[in-house]
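Each chain, written out:
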Amino acid sequence: TGNIYLFHEENINHATLLNRYIGSSNLCTEIVLPSRPSRMISEELVRREDGTTEIVKRYDAGEIALCNLSSYNLEKWFYMNEQEKMDLCRIVVRSLDNTVDVANYPVKEGKHSNQMYRYLGIGVLNFANYLALKGIVIDTQEALEEQDRLFEEISYMTIKASCELAIEKGKFEKFYETEWSKGILPIHKANKKAMELTKHEPNWEKWDELSEMIKKFGIRNAQLLATAPTATSGKAVNATESSEPITDYFYKEEGTII
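To keep things clear, this report deals only with the structure shown in the data block. (Residues numbered from 1 in each chain as written. Predicted model: local features only at pLDDT ≥ 70, side-chain atom pairs only at ≥ 80, totals over all residues. Heavy atoms only, no water.)

Things to note about helix α4 (residues 108–117)
Turning to step 1, where the next piece is worked out: G110, S113, N114, M116 and Y117 are the residues of α4 that are buried. Buried residues of α4, seen end-on, are gathered within an arc of 165° and therefore sit on one face of the element.
Turning to step 2, where the next piece is worked out: In this structure, the buried residues of α4 make contact with β3 (68–73) and α3 (82–102).
Turning to step 3, where the next piece is worked out: Just past α4, the residue R118 takes up positive phi, approximately 50°. (Buried < 20%, exposed > 50% of the residue type's maximum accessible area, 1.4 Å probe, protein only. Helix = DSSP H or I, 4+ residues; strand = E, 2+ residues; numbered from the N terminus. Arc of directions from axis to C-beta. Contact = heavy atoms within 4.5 Å.)

Things to note about the packing of α3 against helix α6 (residues 141–169)
Turning to step 1, where the next piece is worked out: It is at 9 Å that the axes of α3 and α6 come closest, and there the two elements cross at 55°. Taken together, α3 and α6 sit at an angle that is classed as oblique. Seen from above, α3 lies across α6 with right-handed handedness. Contact residues: E82, K85, M86, C89, R90, V93, R94, D97 and N98 in α3; E153, M157, T158, K160, A161, S162, E164, L165, E168 and K169 in α6. (Axes fitted to C-alpha atoms, helices over the stretch in contact; angles between N-to-C directions. Parallel < 35°, antiparallel > 145°, perpendicular 65-115°, else oblique. Left-handed = near helix turned anticlockwise from the far one by under 90°.)

Section: the packing of α6 against helix α8 (residues 204–217)
Turning to step 1, where the next piece is worked out: At a closest axis distance of 10 Å, the pairing of α6 and α8 adopts a crossing angle of 25°. Judged by the angle between their axes, α6 and α8 are roughly parallel. Like other packed secondary-structure pairs, α6 and α8 cross with a definite hand, here left-handed. From α6, E152, S155, Y156, I159, K160, C163, E164, A166 and I167 reach across to α8, where they touch K206, W207, L210, M213, I214 and F217.

Spelled out as structure tokens, the structure:
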């Protein structure tokens, strides 16, 4: 389409908990994960017993970053109580984590990366509808305050669900090479200027408790949240896209007659 997708390298590498350099994103820019090419370490011509030959190559395995995507429908979230929300987060995290083990990987580098870090990408759709249900106009300070409160709630519950899953199934393989192992959470590395846009103050006591819980038991997934555009899947369930406002459809065609 000719659209330009921006990737802010410095911001991404400051915020990541992976202790790895991240040099790119996917096209929709909702995932920011490290990738690296495989490196060939040997190539050998081998003659079989039947007289035929084969070329045997060995590689130092690279990584192709994958994330297993799902989105919370915020219209449904609006009507849930706290226990129902937590149960939903547990179901989504468990379901996506299972896909790491059962997925078909046509490229081995993708399987290698996914099994080491068990990346998930859980986002939202129907945010505009959610605000409408609350009677909040999307381009107001009130909407900013509600968005800050809402996404802190989603972040906390989703991270807690992954920690609980780690107690049951074990932490991801590279846990001790990341800042998760030190009890550092995404909220601790959030952009300070962004946080100053609202008056909302996180409940640091519960975050500290979760931090200690993760240091003790680990976390199942190295990445959890990724707000995808949901441009197609949103329409499929009659929802507004991602965290975007409601927009009108339009069609424009241009041409030159010679």
